[in-house]
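Residues per chain are reported as follows:
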Amino acid sequence: MKSERKRRIEILIEKLKERNIYLYGAGIRGKVALENLNILGYEKNICGFVDDNGQKEWVQGKRVWRTDDIESLAIPNASFIITTYAVKKMACRLMEKGISAENIHFFPELLIDDVAIETFRTNREKIEQVYNILSDNLSKYLYKSLFDIYINGNIGILSRTKGDCQYFPGEGENNEIEGFYLSEHERFVDCGAYDGDTIRSFKIRTKDKYKKIWVFEPDADNFARLVDYVEKEQDKRIELIKGGVYSQNDNMPFCRNCSTTSALAQYGEEKVRVYQLDSVIEEPVTFIKMDIEGSEKEAILGARRIITEYKPKLAICIYHKVEDFWEIPLLIKALNPDYNIYIRNYEDRIDETICYAV
């Protein structure tokens, strides 16, 4: 039986049946869009991706072109589907290359993983357990909304509740969380630090008064940016660790996009070092943030001792894998039953959905 979301996609995209389709964005959402289009029978229509990030020439069997290549393609009946949420910027780039507005499309329903409704039925008991342990009504509303998006494609439902100050939902902020505050005694662990964007926010929030920051980043280019940033700051309280975080110390395959979406992968083109937080950090920890592209559950298991012993504030991304919506909150609560669990969202879409524990 088709979900309501699939029926909506079919209606929206039917006008492209006779078109040659390029997907603008070859990242995680682009791959999801390709999979959804293949399921709907548009595989032969997809000519390839257009993407300026990373060095890949092929993604999932489709050629990857650069934006500057568009004018030279000269393919008749070409339509471009934007497969990131930076719609305005992408549309402007395409129009600068001579693509008319009528041939530029954005279907947010395409960017949601095709999850069988049976997955939710099978895990209904766990989903209900999470709902029942959530500590405020906004968390409960958001949690129900996430499943409505997957099942019915009701994307706009989150636009009315998105928060600001991601990872720092303190007093006085939109969608604040009771009991979440930063002091001058913070010992912060940033897992998936990218180029230091969260560190910068943390230093502003604490007015640069804190004890220590541990920074983990496996992507070589991102890590180089971090090194430059810390050298300019000349802040000896920041400790940089080149590597990811996981349930054990190991070397693991890694897919490097030189961006925020670099991730551990089953068949990555290179290997990176990953660390168990419990084996690396022996000092007290007050706050852990994780945005590590789907490895969050394993990383939490690797911080079992820290979480049970010190009960640090947690800000964990739960949107990279659908099962994380229930597995991660339940795992956190099992490791330390004293936690209060909250859900917050920072975009009008599933991305940037965070589970907080305080």
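A quick note: this is a predicted structure, and the numbers were derived from the prediction, not measured. (Residues numbered from 1 in each chain as written. Predicted model: local features only at pLDDT ≥ 70, side-chain atom pairs only at ≥ 80, totals over all residues. Heavy atoms only, no water.)

1. Here's the deal with empty space enclosed by the protein
The final tally for this structure, using the stated rule, is one cavity of 30 Å³ or more. Put simply, the largest cavity is a space of about 70 Å³. Residues that form the lining of the largest cavity fall into these classes: eight nonpolar, no polar and four charged. (1 Å grid on protein atoms, 1.4 Å probe; cavity = no way out; pocket = protein on both sides within 12 Å on 5 of 7 lines; lining within 4 Å. Points joined across faces, edges and corners; volume = space filled by probe spheres on them. Nonpolar A, V, L, I, M, F, W, Y, C, P; charged D, E, K, R; others polar.)

2. Some points on the sheet that holds strand 9 (residues 238–242)
Spatially, seven strands are ordered 9-8-7-14-15-17-16 in an open sheet, and the strand pairing comes out mixed. Two strands bound the open sheet, and with one partner strand each, they are strand 9 and strand 16 (341–345). When the angles between neighbouring strand axes are averaged without regard to direction, this sheet yields 15°. Where strand 15 (residues 313–317) lies against strand 17 (residues 353–357), four bridges are found, and the strand directions are antiparallel. Its bridge partner lying in strand 17, Cys 317 is registered against Ile 354. (Pairing = 2+ DSSP bridges. Helix = DSSP H or I, 4+ residues; strand = E, 2+ residues; numbered from the N terminus. Axes fitted to C-alpha atoms, helices over the stretch in contact; angles between N-to-C directions.)

3. What about the pattern of salt bridges?
In the structure shown here, the tally under the stated rule is 19 salt bridges. Residues Arg 200 and Asp 195 are paired through a salt bridge, measuring 3.2 Å at the closest nitrogen-oxygen approach. Ionic contacts of the salt-bridge type, sharing partners, join the residues Lys 203, Asp 208, Glu 233, Asp 235 and Arg 237 into one network. (Salt bridge = Lys/Arg side-chain N within 4 Å of Asp/Glu carboxyl O.)

4. Quick notes on unusual backbone geometry
The phi dihedral of Asn 77 falls on the positive side, at around 55°, and the residue is not glycine. Relative to the helices and strands, Asn 77 resides in the loop between helix 3 (70–73) and strand 5 (78–82). Of the residues examined, Asn 77 reaches a relative accessible area of 43% and is grouped as partly exposed. Although it is not a glycine, Gln 234 adopts a positive phi angle of roughly 50°. (Buried < 20%, exposed > 50% of the residue type's maximum accessible area, 1.4 Å probe, protein only.)

5. Details of the nonpolar core
Core analysis: the biggest nonpolar cluster contains 71 residues, and Tyr 143, Leu 277, Phe 325 and Ile 332 have the highest contact counts within it. With seven residues, helix 13 (residues 324–335) is the single largest residue contributor to this core. Setting aside chain neighbours within four positions, we find Phe 325 in contact with Val 130, Tyr 143, Leu 146, Phe 147, Tyr 150, Ile 318, Tyr 319, Ile 350 and Thr 353. In terms of nonpolar packing, the next biggest core, distinct from the first, is built from 19 residues, Ile 9, Leu 40, Ile 46 and Val 64 among them. (Core = buried A, V, L, I, M, F, W, Y, C linked by side-chain atoms within 4.5 Å. Contact = heavy atoms within 4.5 Å.)

6. Brief notes about the packing of aromatic side chains
In this structure the tally under the stated criterion is 14 aromatic pairs. Between the aromatic rings of Phe 188 and Phe 202, the centroid separation amounts to 4.6 Å while the plane-to-plane angle is 20°, which identifies the pairing as stacked. Residue Phe 188 is located in strand 7 (residues 187–191), and its partner Phe 202 is located in helix 8 (residues 197–205); the two are separated by 14 residues in the primary sequence. Side by side, Phe 188 and Phe 202 carry an identical accessibility label, which is buried. Among the aromatic residues, ring-to-ring pairing joins Phe 168, Phe 180, Phe 188, Phe 202, Tyr 210, Phe 287 and Tyr 356 into one connected group. Note that Lys 140 overlies the ring of Tyr 131, its terminal NZ or CZ placed 4.5 Å from the centroid. (Phe/Tyr/Trp six-rings, centres within 6.5 Å; stacked < 30°, edge-to-face > 60°. Lys NZ or Arg CZ within 6 Å of the ring centre and 35° of its normal.)

7. Thoughts on the side chain of Thr 83
Residue placement: Thr 83 occurs in the loop between strand 5 and helix 4 (87–96). Exposure remark for Thr 83: the relative accessible area of 1% places this residue in the buried category. A distance of 2.7 Å separates a polar atom in the side chain of Thr 83 from the backbone oxygen of Gly 25. (Polar contact = N/O pair within 3.5 Å; in protein donor to acceptor, adjacent residues only side chain to side chain.)

8. A short note on helix 4
For helix 4, the set of buried residues is Met 90, Ala 91 and Leu 94. Mapping the buried residues of helix 4 onto a view down its axis gives an arc of 100°, with all of them on the same face. Along helix 4, the residues that are exposed and aim more than 90 degrees away from the buried face are Lys 88 and Glu 96. Those residues of helix 4 that are buried lie in contact with strand 1 (20–24), helix 3, strand 5 and strand 6 (104–105). Among the residues trailing helix 4, Gly 98 stands out with phi positive, at a value near 90°. (Arc of directions from axis to C-beta.)

9. A few points about the sheet that holds strand 5
One open sheet accounts for six strands, arranged 3-4-2-1-5-6; its pairing is mixed. In this open sheet, the two strands that pair with only one neighbour each are strand 3 (58–59) and strand 6. The pairing of strand 1 with strand 2 (residues 46–50) spans four bridges and is parallel. Across the sheet, residue Ile 21 finds its bridge partner in strand 2, namely Ile 46. Docked against the sheet, helix 2 (residues 28–39) engages strand 1, strand 2, strand 3, strand 4 (62–65) and strand 5, running at close to 170° with respect to strand 2. The sheet strands contacting helix 4 are strand 1, strand 5 and strand 6, and the helix crosses strand 5 at an angle near 155°.

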